[in-house]
Amino acid sequence: AQLEKDGAVIGEIYIDPQNIFDSNDPKESGRLYRLANQLHIQTRPYVVAQQLLFKSGDRYSQRLLAEAERILRRNRFLYDASVKPVAYHDGKVDVSVVTRDVWTLNPGISFGRHGGANTYGFEIEELNILGTGTSLALSRKSGIDRDSTLLQFKDPHLFGTWANLDVKYADNSDGYQRGLSLDHPFYALDTRWAAGMTVLDDDHVEPLY
């Protein structure tokens, strides 16, 4: 509150995206933990930066720091996030932004038998492609009434903006579905507008769930 009263501005912003496990912690320094870190591609600093609600030179606001921390924490590819002031000098507040990743490659497989017929399905989803914050999912399901293949791509910050892109294509035994959704959400309290657009191209007997 005193910094805001004094008219302080944001100085340096230090962004530190950290891996899944902390190798300096004895509890997380085992071979499997190190292997997971080596296989995982960390979130890029620019992905974190484009979700902040402030930049160097802006008036300091503790509320904006707290909101930015909340926004970062709701990312499925992040385990935790911290946005805090770390130094004050010459009327400027330096801010530290620390995030920690989670394992983002999620495979799944299922088998079953219903009505005398075998059913199966598999899916694989990457929530943070090459650390860019975009996601890609592929699934294949074979059931009694339908076989379906679904491919879906999501970019929550298209071209570094707050525009959210969602593209999907489903190839089913009874038709297909192609969809494109683009929206600008109310991402913070100061957001002045939101809008969305969805385009669907369907050619199937039953709705796709």
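Up top you'll find the structure we're talking about.
The following refers to the structure shown. Everything numeric in this text was worked out from a predicted model, so none of it was measured.

A separate point is the sheet that holds strand β1 (residues 9-18). With respect to topology, three strands assemble into an open sheet ordered β1-β3-β2, the strand pairing being mixed. The open sheet is flanked by β1 and β2 (78-89), the only strands paired with a single partner. If you compare each strand with its neighbour and ignore which way they point, the axes differ by 15° on average. Across 10 bridges, the pairing between β2 and strand β3 (residues 92-101) is antiparallel. Within the sheet, the bridge partner assigned to Ala87 lies in β3 and is Asp94. In this fold helix α4 (residues 62-73) packs onto β1, β2 and β3, with an angle of close to 160° to the strand it touches most, β2.

Looking at where Leu151 falls in the secondary structure, it is placed in strand β7 (residues 147-155). For Leu151, a relative accessible area of 41% translates into the label partly exposed. The contact partners of Leu151, leaving out residues within four places of it in the chain, are Leu136, Ala137, Leu138, Val167, Lys168 and Tyr169.

Quick look at the packing of aromatic side chains now. Evaluation of the coordinates by the stated rule reveals two aromatic pairs. Ring geometry for Phe21 against Tyr33: centres 4.7 Å apart, planes inclined by 65°, an arrangement best described as edge-to-face. Of this pair, Phe21 sits in the loop between β1 and α2 (31-39) while Tyr33 sits in helix α2, and the two are 12 residues apart along the sequence. You can call Phe21 partly exposed: its relative accessible area is 25%. Ring centres 3.9 Å apart and planes at 0° place the aromatic pair Trp162 and Tyr187 in the stacked group. Taken together, the residues span a long stretch of sequence, with Trp162 in the loop between β7 and β8 (164-172) and Tyr187 in the loop between β9 (175-184) and β10 (195-204) at a distance of 25 residues. Residue classification places Tyr187 among the buried residues on the basis of a relative accessible area of 17%.

What counts and what doesn't
- Per chain, residue numbering runs from 1 following the sequence as it is written.
- With pLDDT at 70 or above as the cut-off, local features in this predicted model cover only qualifying residues; side-chain atom pairs require 80 or more to be listed or tallied, and sums for whole chains, interfaces and linings still use all residues.
- Hydrogens are left out, water is left out, and the side-chain values use all remaining heavy atoms of the structure.
- Paired strands, in this sense, are two strands between which DSSP finds at least two bridges.
- Secondary structure elements follow DSSP: runs of H or I of four or more residues count as helices, runs of E of two or more count as strands, with numbering from the N terminus.
- Geometry is summarised by axes, namely lines fitted to C-alpha atoms with helices restricted to the contacting stretch, and by angles between N-to-C directions that run from 0 to 180 degrees.
- Note on contacts: a residue pair qualifies if any of its non-hydrogen atoms lie within 4.5 Å across the two residues.
- Note on classification: 1.4 Å probe, protein chains only; a residue is buried when its accessible area is under 20% of the maximum for its type, exposed when over 50%, partly exposed between these limits.
- Geometry of aromatic contacts follows a simple scheme: Phe, Tyr and Trp rings, the Trp one being its six-membered ring, pair when their centres are within 6.5 Å, and the pair is stacked under 30 degrees between planes, edge-to-face over 60, tilted otherwise.

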